[in-house]
Amino acid sequence: MKRDFLHITDFTADEIWETLELAKEIKAKLKSREKYKPFQDHSLAMIFAKPSARTRVSFETGFFRLGGHALYLGPSDIGIGKREAVKDIARVFSGYNDMIMARLFDHQHILELAEFSSVPVVNGLTDYNHPCQIMADILTVYEHRGTLDDMKIVYVGDGNNIVHSWLHLAARIPFHFTCVCPEGFEPDESAVKLVEDAGISTVEITHDPKGGVSGANVIYTDVWASMGQKEEAEVREKIFADFQVNSAMMASTGKETLFMHCLPAERGREVTDAVMEAPNSIVFDEAENRMHAQNAIMVKIAGKM
Ligand code: CP
Ligand code: NVA
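Residues numbered from 1 in each chain as written. Chains lettered and ligands numbered in written order. Predicted model: local features only at pLDDT ≥ 70, side-chain atom pairs only at ≥ 80, totals over all residues. Heavy atoms only, no water.

## Quick word on the packing of aromatic side chains
What counts is decided by this rule: Pairing of aromatic rings covers Phe, Tyr and Trp, the last counted by its six-membered ring, and requires centre-to-centre distances within 6.5 Å; plane angles under 30 degrees mean stacked, over 60 mean edge-to-face, and any other angle means tilted. Put simply, DSSP H or I for four residues or longer makes a helix, DSSP E for two residues or longer makes a strand, and each gets a number counted from the N terminus. A ring has a charge above it when a Lys NZ or an Arg CZ is no more than 6 Å from the ring centre and no more than 35 degrees off the ring normal.
By the definition in use, this model includes 12 aromatic pairs. Geometrically, the ring pair formed by Phe-39 and Phe-63 is stacked, given 4.6 Å between the ring centres and 25 degrees between the ring planes. In this pair, Phe-39 is assigned in the loop between helix H1 (13–31) and strand S1 (43–48) and Phe-63 in helix H2 (residues 54–65), connecting sequence segments 24 residues apart. Grouping aromatic residues by their ring pairs yields a cluster made of Tyr-155, Trp-166, Phe-175, Phe-177 and Tyr-220. It is Lys-24 that lies over the ring of Tyr-142; its NZ or CZ is 3.8 Å from the centre. Stacked on the ring of Tyr-72, the Lys or Arg Arg-56 has its end atom at 3.8 Å from the ring centre.

Following this line, the structure appears as structure tokens:
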């Protein structure tokens, strides 16, 4: 049976831990230029219906470093779901490639792509979630803290695709997750319920930035208007004004608090320049770990371990 990685919950807790350890191993191999080519003579098709810097470069470089060849297909190349049916692309690409990575708008489309592909499919972000990002994020926290025990992650901003993947992670490994957002911008109730049903993590959704960030080990934010919502940016800027991550917020936690952002950041909006550049900002380690986490995910689902 082929395996896909569409949601963090596609992995068991054990598989998440194995992937994190594998990511560290592969990272060390790449850093030392050890010969490690599990994807020799393999190809990866990368379908992008939305823009990308990190996802494109980290998958393309990562797959190449592991011995394979990655092909980039941009928003105007395929017209997935418009020019051609998702299920047709799935079968056509399965004939040429050993794996497919896709960044799409509609989450249903990635589910359909996986259903009709005979090769593994990796989710590189949809309107609903961004599982590779949060695997890279938790790897980064793990490296910086040395442990994931007793951890409070506070996300400040829009209850978006990033938050849904954090919630999925909280349904698999235990931690305290707080989402601080304006009213009306909460994450999907079903994702919150998933965490509550799993019963291993505490989840808190609040509209109070001051109380929410108290005791945070990590403060995380993302843009206020995601891809596909940019026409709402002006309106959102007013609604989210009290939710900016600035030096005062970082200093108010009563803890040593790391700052994280999936990037791209809109400096001066959801986060200040000072917070981005502060010594406890780990955003660039986080960005680098996209490649290492994804390499491990691909090796794992392809059964190349
Ligand atoms: N964080 C992230 O996915 O970045 P890109 O949109 O640049 O790929
Ligand atoms: N929430 C953002 C994440 C970008 C990596 C978006 O979907 O645009």
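There's more to say after this.
## A short note on the site of ligand 2
We count it as follows: Residue proximity to a molecule or strand is established when one non-hydrogen atom of the residue lies within 4 Å of it. Polar contacts, as counted here, are pairs of nitrogen or oxygen atoms within 3.5 Å of one another; within protein the pair requires one atom able to donate a hydrogen and one able to accept it, and residues that are adjacent in sequence qualify only if both atoms are side-chain atoms. As a working rule, the residues Ala, Val, Leu, Ile, Met, Phe, Trp, Tyr, Cys and Pro are called nonpolar, Asp, Glu, Lys and Arg charged, and the rest polar, with Gly in that last group.
In the vicinity of ligand 2, the contacting residues are Leu-125, His-130, Asn-160, Asn-161, Asp-222, Ser-226, Met-227 and Leu-263. One nitrogen or oxygen atom from the side chain of Ser-226 is found 2.7 Å from a nitrogen atom belonging to ligand 2. Taken together, the residues of the shell around ligand 2 break down into 3 nonpolar, 4 polar and 1 charged.

## Re the site of ligand 1
Stated precisely, the cut-off is as follows: All accessibility values rest on the Shrake-Rupley procedure with a 1.4 Å probe; residue burial counts only the protein chains present in the view.
The environment of ligand 1 is made up of Ser-52, Ala-53, Arg-54, Thr-55, Arg-103, His-130, Gln-133, Cys-262, Leu-263 and Arg-290. Within the side chain of Ser-52, a nitrogen or oxygen atom sits 2.6 Å from an oxygen atom of ligand 1. In this structure, Cys-262 approaches ligand 1 through a main-chain N or O atom, which is 2.9 Å from a nitrogen atom. Contact with the protein chains hides 96% of the accessible area of ligand 1, taken as 260 Å² for the molecule alone. A breakdown of the residues in the shell around ligand 1 according to their chemical character gives 3 nonpolar, 4 polar and 3 charged.

## Describing unusual backbone geometry
Each neighbour pair has its own omega, and for Leu-263 with Pro-264 the value is 5 degrees, a cis peptide bond. You can see Pro-264 is positioned in the loop between strand S9 (258–261) and helix H12 (273–277). Positive phi is not limited to glycine here, since Arg-33 has a value of about 60 degrees. Along the chain, Arg-33 turns up in the loop between H1 and S1. Positive phi values are uncommon outside glycine, yet Asp-41 reaches one of about 65 degrees.

## Notes on the nonpolar core
Cut-off, in case you're wondering: What makes a nonpolar core is a set of buried Ala, Val, Leu, Ile, Met, Phe, Trp, Tyr and Cys residues whose side-chain atoms join them at distances within 4.5 Å. Three labels apply to residues, based on accessible area from a 1.4 Å probe with only protein chains included: buried if under 20% of the type maximum, exposed if over 50%, partly exposed otherwise in between. Residue contacts follow a heavy-atom distance rule, with two residues in contact if any of their heavy atoms lie within 4.5 Å.
Counting residues in each nonpolar core, the largest one holds 62 residues, and the members touching the most others are Trp-166 and Phe-177. Examining the composition of this core, we find that 8 residues originate from one element, helix H6 (residues 131–145), more than from any other. Excluding residues within four positions of it along the chain, Phe-177 makes contact with Ile-153, Tyr-155, Val-163, Trp-166, Leu-167, Thr-202, Val-203 and Glu-204. Counting 20 residues, the second largest nonpolar core, distinct from the first, contains Val-180, Val-245, Phe-259 and Val-271.

## Here's the deal with the sheet that holds S9
What counts, and what does not: Strands were regarded as paired on the criterion that DSSP finds at least two bridges between them. Simply put, an axis is a line fit to the C-alpha atoms, just over the touching stretch for a helix, and the angle between two N-to-C directions goes from 0 to 180 degrees.
Read from one edge to the other, the open sheet built from 5 strands follows the order S7-S6-S5-S8-S9, with strand pairing classed as parallel. Each edge of the open sheet is held by one strand with a lone partner, namely strand S7 (202–206) and S9. The mean angle between the axes of side-by-side strands here comes to 20 degrees, regardless of whether they run parallel or antiparallel. The pairing of strand S6 (residues 176–180) with S7 spans 5 bridges and is parallel. The residue of S7 that forms the bridge with Val-180 is Thr-206. The sheet strands contacting H6 are strand S5 (152–156), strand S8 (218–221) and S9, and the helix crosses S9 at an angle near 160 degrees.

## Side note on the packing of H2 against helix H13 (residues 283–301)
Here is the rule we go by: The cut-offs work like this: below 35 degrees is roughly parallel, past 145 is roughly antiparallel, 65 to 115 is roughly perpendicular, and the gaps in between are oblique. Two helices crossing with the near one rotated counterclockwise from the far one by less than a right angle form a left-handed crossing, whereas a clockwise rotation gives a right-handed crossing.
The geometry of H2 relative to H13 is characterised by a closest axis approach of 9 Å and an angle of 50 degrees between their N-to-C directions. As judged from the angle between their axes, H2 and H13 are oblique. For the element pair H2 and H13, the recorded crossing hand is right-handed. Seen from H2, the contacting residues are Arg-54, Thr-55, Ser-58, Phe-59, Thr-61, Gly-62 and Phe-63; seen from H13, they are Ala-287, Arg-290, Met-291, Gln-294, Asn-295 and Met-298.

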